[in-house]
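Structure at a glance
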Amino acid sequence: MEKYIINGGNRLEGEVEVSGAKNAAVAILPAVVLSDGICRIENIPNIADVASSLEILAHLGARVRRINKNTVEIDPRGVSPVVVPHDLARQMRASYYFIGVLLGRFGTARVSMPGGCNFGVRPIDQHLKGFTALGAEVSPMEQGMIEVTAQRLVGNSIYLDMVSVGATVNIMLAAVRARGTTVIENAAKEPHIVDLANFLNTMGADVRGAGTDVIKIRGVDHLDGATYSIIPDQIEAGTYMVAAAATAGNVLVRNVIPKHLESITAKLMEMGVQVEEYDDAVRVSRTGPIHHCNVKTMPHPGFPTDMQPQIAVLLSMAEGTSILTESVWDNRFRYIEELRRMGVQAQVDGKVAVFQGIPQLTAAPIKATDLRAGVAMVIAALAARGTSEIEEIQHIERGYEDVDKKFAALGADIRRVSQPDGDMKIKAV
Ligand code: EPU
């Protein structure tokens, strides 16, 4: 029932601190199951997807202790391979990482098929191909449940048919305690793959090559507990960079790894936005018009698909015609229908959207359709003239910590409104 009410038109100014990376956290938290000791994970984002991961860990028998908003201590020694039921697995896509860790630790996993953002069909055939190559048997069960079992996992070479973040992570998780060496070819290279490998190695694993397209995992018998701090969220950082540009603002985005942002920085600069890089921060500002530009999403180090809806908002305000091509997901332009209500002029044909830029977006009531599209709508509303209401914000809050508070601290006029029992209450931010 919650929604954001945004009075657009304020330039964003000031500093914003980026949280830990969602897509690293949702891989690293399940990975704790592989450990024989207590793990302390720091810089975890305080978001719904993390809460869901912790809920599944507790369901499996782990002792989960929140030290503070962004630190958690997990004792996995009581974990057993019980079923991960539908009501837990459907809360997020990454629940499928529990297949990899339970298989890797106990040789058996029964997990309901995952939920997550709806971009059309989201198959997991490459994950299953990997598990099978390691010696597991995969059996679909009733009601969307899948069972994966192995007497003993044995390392093998696996060539992924397409670059898949999820399959790369899941195979790494299953292989870490397998006998012998596993080689993943055509592996994903995203920063969160490297972060997961670093965490596994901190626990005593032997994972090499993460960040390249060949990852080698030599199985070990035992993993220790570890203390580990998650990397900053590349996509959250990029989201604030685009928001600064869209509102002709001037924002220092802090706690970032500028190298992870290169593809985003390059496109913003091509569009006439100023980006200055520091050791662990970037300053984004815009004074002039937005130049038209063509953008194509690609696996890392290409332009991230998870920044596609946000950059679409900028392209819709650019001078002239811009082409945006989605090459990772089959169906990630559904949100454009909603943005049209704000005046966005775009033609979508399959995986290509062509934008005719307009100088000023107008406010409208809109619904967040998924996580990144939802935050793109927030950016559009911040840049638009008038008052927009954004509903279905639970999609946004799955992946962005305190997004309303962070924008408000930058000078945005944004309120989070809840409506319990039909009675409208306004929460100050
Ligand atoms: N694919 C297959 N078979 C598979 C696996 C993937 O055909 O077995 C296809 C997918 O359908 C897609 C492409 O391969 O067309 C890439 O999918 P990938 O497996 O890389 O995506 P994912 O692991 O399900 C993660 C992120 C997504 C992000 C993609 C691409 C997590 C939890 N999710 O998803 O993030 O879009 O990688 O970078 O890490 C988000 O954070 O908003 C989000 C959706």
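Since the structure is predicted, the reported quantities are computational estimates derived from the model, not experimental observations.

The buried fraction of helix 10 (residues 308-316) is high, at nine of nine residues. Along helix 10, the residues that are buried comprise Gln308, Pro309, Gln310, Ile311, Ala312, Val313, Leu314, Leu315 and Ser316.

Moving on: the site of the ligand. Near the ligand lie 23 residues; those nearest to it are Gln126, Ser164, Val165, Asp306 and Val328. Separating an oxygen atom of the ligand from a backbone N or O atom of proline 123 is a distance of 3.4 Å. Here a nitrogen atom of the ligand and a side-chain polar atom of aspartate 125 are 2.8 Å apart. Taken by itself the ligand offers 840 Å² of open surface, and the protein chains cover 91% of this. Of all the cavities here, the one that holds the ligand is the largest pocket. Mapped onto the shell around the ligand, the elements with two or more residues apiece are helix 1 (22-31), helix 5 (125-133), helix 6 (165-175) and helix 12 (371-383).

Let's shift gears to the pairing of strand 4 (residues 63-68). As paired strands, strand 4 and strand 5 (residues 71-75) are joined by five bridges and run antiparallel to one another. By the bridge assignment, asparagine 68 is partnered in strand 5 with threonine 71. Taking the residues that link successive antiparallel strands as the turn, the strand 4-strand 5 hairpin has two residues.

A few words on the side chain of aspartate 306. Tracing the sequence through the fold places aspartate 306 in the loop between strand 17 (295-296) and helix 10. Within the structure, the side chain of aspartate 306 is placed 2.7 Å from the side chain of arginine 332, a separation counted as a polar contact. With residues up to four places along the chain from it excluded, the contact list for aspartate 306 reads Asn23, Ile235, Arg332 and Arg372.

This part covers the sheet that holds strand 3 (residues 39-42). The strand order 4-5-3-13 describes an open sheet built from four strands, whose pairing is mixed. The sheet is open, and its two edges are formed by strand 4 and strand 13 (227-229), each paired on a single side. Sheet twist, expressed as the mean angle between neighbouring strand axes with direction ignored, is 20 degrees. Helix-sheet contacts for helix 2 (residues 48-60) involve strand 4 and strand 5, and the interaxial angle to strand 4 is about 145 degrees.

A few words on the pairing of strand 18 (residues 321-325). With two bridges joining them, strand 17 and strand 18 adopt parallel strand pairing. By the bridge assignment for strand 18, valine 295 is matched with leucine 324. Relative to strand 20 (residues 352-356), strand 18 is paired through five bridges, and the arrangement is antiparallel. Counted as the bridge partner of leucine 324 is alanine 353 from strand 20.

Relative to the helices and strands, valine 328 resides in the loop between strand 18 and helix 11 (336-340). When the C-alpha positions of valine 328 and valine 163 are compared, they lie 9.0 Å apart, and in sequence the two are 165 residues distant. Once residues within four sequence positions are removed from consideration, valine 328 is found in contact with Thr297, Met298, Pro299 and Thr305.

This brings us to the pattern of salt bridges. Tallied over the entire structure, the rule returns 26 salt bridges. With a closest N to O distance of 2.9 Å, aspartate 75 and arginine 77 form a salt bridge. Among the charged side chains, a network of salt bridges with common partners joins Arg40, Glu42, Arg65 and Glu73.

Of the consecutive residues histidine 300 and proline 301, the connecting peptide bond is found in the cis state with omega at 10 degrees. Mapping proline 301 onto the fold places it in the loop between strand 17 and helix 10. In the Ramachandran plot, asparagine 43 falls in the positive-phi region, its phi being about 60 degrees despite a non-glycine side chain. Within the secondary structure layout, asparagine 43 lies in the loop between strand 3 and helix 2. For asparagine 43, a relative accessible area of 22% puts it in the partly exposed group. Even without being a glycine, asparagine 255 presents a positive backbone phi close to 60 degrees. On the secondary structure map, asparagine 255 appears in the loop between strand 14 (250-254) and helix 9 (262-270). Residue classification places asparagine 255 among the partly exposed positions, given a relative accessible area of 24%.

Analysis parameters
Residues numbered from 1 in each chain as written. Predicted model: local features only at pLDDT ≥ 70, side-chain atom pairs only at ≥ 80, totals over all residues. Heavy atoms only, no water. Buried < 20%, exposed > 50% of the residue type's maximum accessible area, 1.4 Å probe, protein only. Helix = DSSP H or I, 4+ residues; strand = E, 2+ residues; numbered from the N terminus. Near = heavy atom within 4 Å. Polar contact = N/O pair within 3.5 Å; in protein donor to acceptor, adjacent residues only side chain to side chain. Areas by Shrake-Rupley, 256 points an atom, 1.4 Å probe, with all protein chains shown as cover. 1 Å grid on protein atoms, 1.4 Å probe; cavity = no way out; pocket = protein on both sides within 12 Å on 5 of 7 lines; lining within 4 Å. Sits in = over half its atoms within 2 Å of the grid points. Pairing = 2+ DSSP bridges. Contact = heavy atoms within 4.5 Å. Axes fitted to C-alpha atoms, helices over the stretch in contact; angles between N-to-C directions. Salt bridge = Lys/Arg side-chain N within 4 Å of Asp/Glu carboxyl O.

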